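So the chains spell out like this:
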Amino acid sequence: MPKSRKRIKKKKTQRRRAKPYEVIKQKFVRFENPFPNDIPFEKRMEILIKIGNKASIDFENEYQKLINYFHEYDPLYLCSFSSYYFSRQEEGIDEEAINGSIDFPPFYLEILQCISLKSERNISMEPLHKNIENFKSTIQNLNRSQSATYSKLLEKAKDQDDIGAILLRTEMMINTLAVRNWSYVEKMEMIAYELATLIEQNFTDSIGFNPIVLLNILFGLVSLTEKKLNIHHKKTISIVKANNYNEAFDKYEECFNVDNTSKSERKEIWEEMKENIKILKSAFLEHSDYFLSDIFTHSIDEIYNYFSKEIAKDIIPKILDNISLCFGDLSAINKDYIFLDNPIHSKPFIKVNEDEYFSIIAHMFNHIGVDILETFISKDIKLQGQYALKKGKYLESKVENLLRKSFPNAQILTGSLWECPNEKKLYENDLVVLIEEFVVIVECKSGTVSPPARRGASDRLFKTMKELVVEPSEQAIRFENILKQNLKIHEFKTKSGSINYIDSTKIKYYVPIGVTLSNLGSIGCNLKKLIEARIISHKIYQLA
């Protein structure tokens, strides 16, 4: 009999684990148009609207499934479990850069915490166990369906010209939904502290506590939460490394607040685990999940001691009560607001009891610090006016300092007053940078983006875009035209009484720039999208 050939087994290629802070090599990918060129506009819209309609049905189904989980399990357990197992990432590892997507984006946690507040807390010791993957996929499917429902907006498109405005709205909604931190964490914190300093005393007198202390607590709890998370992780590792069942028992009882077991009790449990060390360790790890909520729960004493008793103890609950919600507070919330105007962005804590506060979104405290600060400021009209004025000056000052640092040999002029000959109106230029044959004309806008604009409400969004993007652009271009059309040495008065001299005969290149202090995403710096959306009637060369 002939010998059978030995089959050579193909080795499975394992994905190489990236090292922390390793530079990721990106590949160029070509995206093809999913629609053939011969498909008419109406048919394309029909297909996309159909996708949106199906997504709406899927969304309702997944939403109810998720609500049912919160009725069956403890919401603090579900939220903590999701944060620890689904969203936790090793420092220096960028999952999105490596894999091209994030399996469980951080904003999913915001959705979970918000939904957990729709009803009273269900105290339950039931573990997810076999339902872990189903629970995770429910959250993922809910959010994917919600994003796909935006295709329904195309129902309002009468022709191709309407698409630009719809795409602009959709992009703003996606930015609101998922984009966090428009700068590095250190920069976000610095800006928040500097803005708080502008109105520190007036804020304290009006609101009843110091805004710097508010930010200290918010940003400090980011580090405290990370510290507690890492401690819990090390505890579980010590159990996994146990060499025998007695050592596993010792480690678990040492690490977690549980009763010590006797020798006979250990023997009985060991037999129940079929004398398998892996099964025993798995049981311990599953039980340790009941302590996950401790990572994200902070008591007044804990916070007081963490800040070395430098913050008055009675101020801590006063601040946290103002930025906390209780179970059941969001029972009547509009489902759309959960995703596009989430109330936990201004009140990021759940008040568990008189002494403890819970939050799984500490990772975004740096992002919402300014928003929370401005929410308090908005409660006092007088304070709001003072803040708006100082915030505008702050932006101009920061831009000026940045330009002086970047161009130490340039001539930088501020506050030039000039009259538009067509409008007969007096304007004030924020900054001009003169560098040899170049002139950089800077106009600053420090306004905010309202909640309706963030939700993609067309009127408010388009109004906001005009105020924060188009108007400073127009003003910079107007000033450019004054210099271009009058080649001479200009003398511009300033409110301080000094004179700014600009010799436009030497200028060959003009660089108009608009600067904002608001998170508008990519649409804030893409004037072509505003033109395509027909928000403005300008040509691209008419804008900065």
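Draft legend 1. Examining the sheet that holds strand β2 (residues 324-325) more closely. Taken in spatial order, the four strands line up as β1-β4-β3-β2 in an open sheet, and their pairing is mixed. The sheet is open, and its two borders are formed by β1 (297-299) and β2, each paired with just one other strand. In terms of strand pairing, β2 meets strand β3 (residues 349-351) through two bridges, oriented parallel. Across the sheet, residue Leu325 finds its bridge partner in β3, namely Ile350.

Draft legend 2. How the structure looks around the side chain of Ser416. One can find Ser416 in strand β5 (residues 411-420). Of the polar contacts made by the side chain of Ser416, one reaches the side chain of Asn500; its length is 2.9 Å. Apart from residues no more than four positions distant in its own chain, Ser416 is found in contact with Tyr427, Glu428, Asn429, Phe479, Phe492, Lys493, Thr494 and Asn500.

Draft legend 3. Fine view of the sheet that holds strand β6 (residues 425-435). Strand order in the open sheet formed by four strands is β5-β6-β7-β10, with mixed pairing between adjacent strands. Looking at which strands have only one partner, the edges of the open sheet turn out to be β5 and β10 (509-516). Strand-to-strand twist across the sheet, computed as the mean angle between neighbouring axes with direction ignored, equals 30 degrees. Running over the sheet, helix α20 (residues 458-485) touches β5, β6, β7 (438-445) and β10 and is turned about 145 degrees from β7.

Draft legend 4. Broad picture of the layout of surface pockets. As a volume, the largest pocket reaches approximately 2,000 Å³. In this structure, the largest pocket is lined by 48 residues; those nearest its centre are Ser87, Gln89, Glu90, Pro106 and His363. Contributing elements (two or more residues each) for the lining of the largest pocket: α2 (75-87), α3 (95-99), α4 (107-116), α7 (185-198) and α9 (211-240). Ranked by the residues each element gives to the lining of the largest pocket, the list is headed by α9, at nine residues. Of the residues belonging to the lining of the largest pocket, the class tally is 22 nonpolar, 13 polar and 13 charged.

Draft legend 5. Inspection of the environment of Leu280 at higher detail. By secondary structure assignment, the location of Leu280 is in helix α12 (residues 277-288). C-alpha separation for the pair Leu280 and Val240, spaced 40 residues apart in sequence, amounts to 9.8 Å. Look past the residues within four positions of Leu280 in its chain and what remains in contact with it is Tyr245, Ala248, Phe249, Ile269, Trp270 and Met273.

Draft legend 6. Structural detail: the pattern of salt bridges. Enumeration according to the criterion identifies 20 salt bridges in this entry. The shortest N-O distance in the salt bridge between Glu32 and Arg30 comes to 3.1 Å. Here the two residues Glu32 and Arg30 agree in accessibility, since each one is exposed. In this structure, Asp250 engages Arg266 in a salt bridge whose closest nitrogen and oxygen atoms are separated by 2.7 Å. Placement of the pair is Asp250 in helix α10 (residues 245-255) and Arg266 in helix α11 (residues 263-272), with a sequence separation of 16 residues. Overall, the relative accessible area of 41% leaves Asp250 in the partly exposed class. Connected through shared salt-bridge partners, Asp250, Glu253 and Arg266 make up one network.

Procedures and definitions
Residues numbered from 1 in each chain as written. Predicted model: local features only at pLDDT ≥ 70, side-chain atom pairs only at ≥ 80, totals over all residues. Heavy atoms only, no water. Pairing = 2+ DSSP bridges. Helix = DSSP H or I, 4+ residues; strand = E, 2+ residues; numbered from the N terminus. Polar contact = N/O pair within 3.5 Å; in protein donor to acceptor, adjacent residues only side chain to side chain. Contact = heavy atoms within 4.5 Å. Axes fitted to C-alpha atoms, helices over the stretch in contact; angles between N-to-C directions. 1 Å grid on protein atoms, 1.4 Å probe; cavity = no way out; pocket = protein on both sides within 12 Å on 5 of 7 lines; lining within 4 Å. Points joined across faces, edges and corners; volume = space filled by probe spheres on them. Nonpolar A, V, L, I, M, F, W, Y, C, P; charged D, E, K, R; others polar. Salt bridge = Lys/Arg side-chain N within 4 Å of Asp/Glu carboxyl O. Buried < 20%, exposed > 50% of the residue type's maximum accessible area, 1.4 Å probe, protein only.

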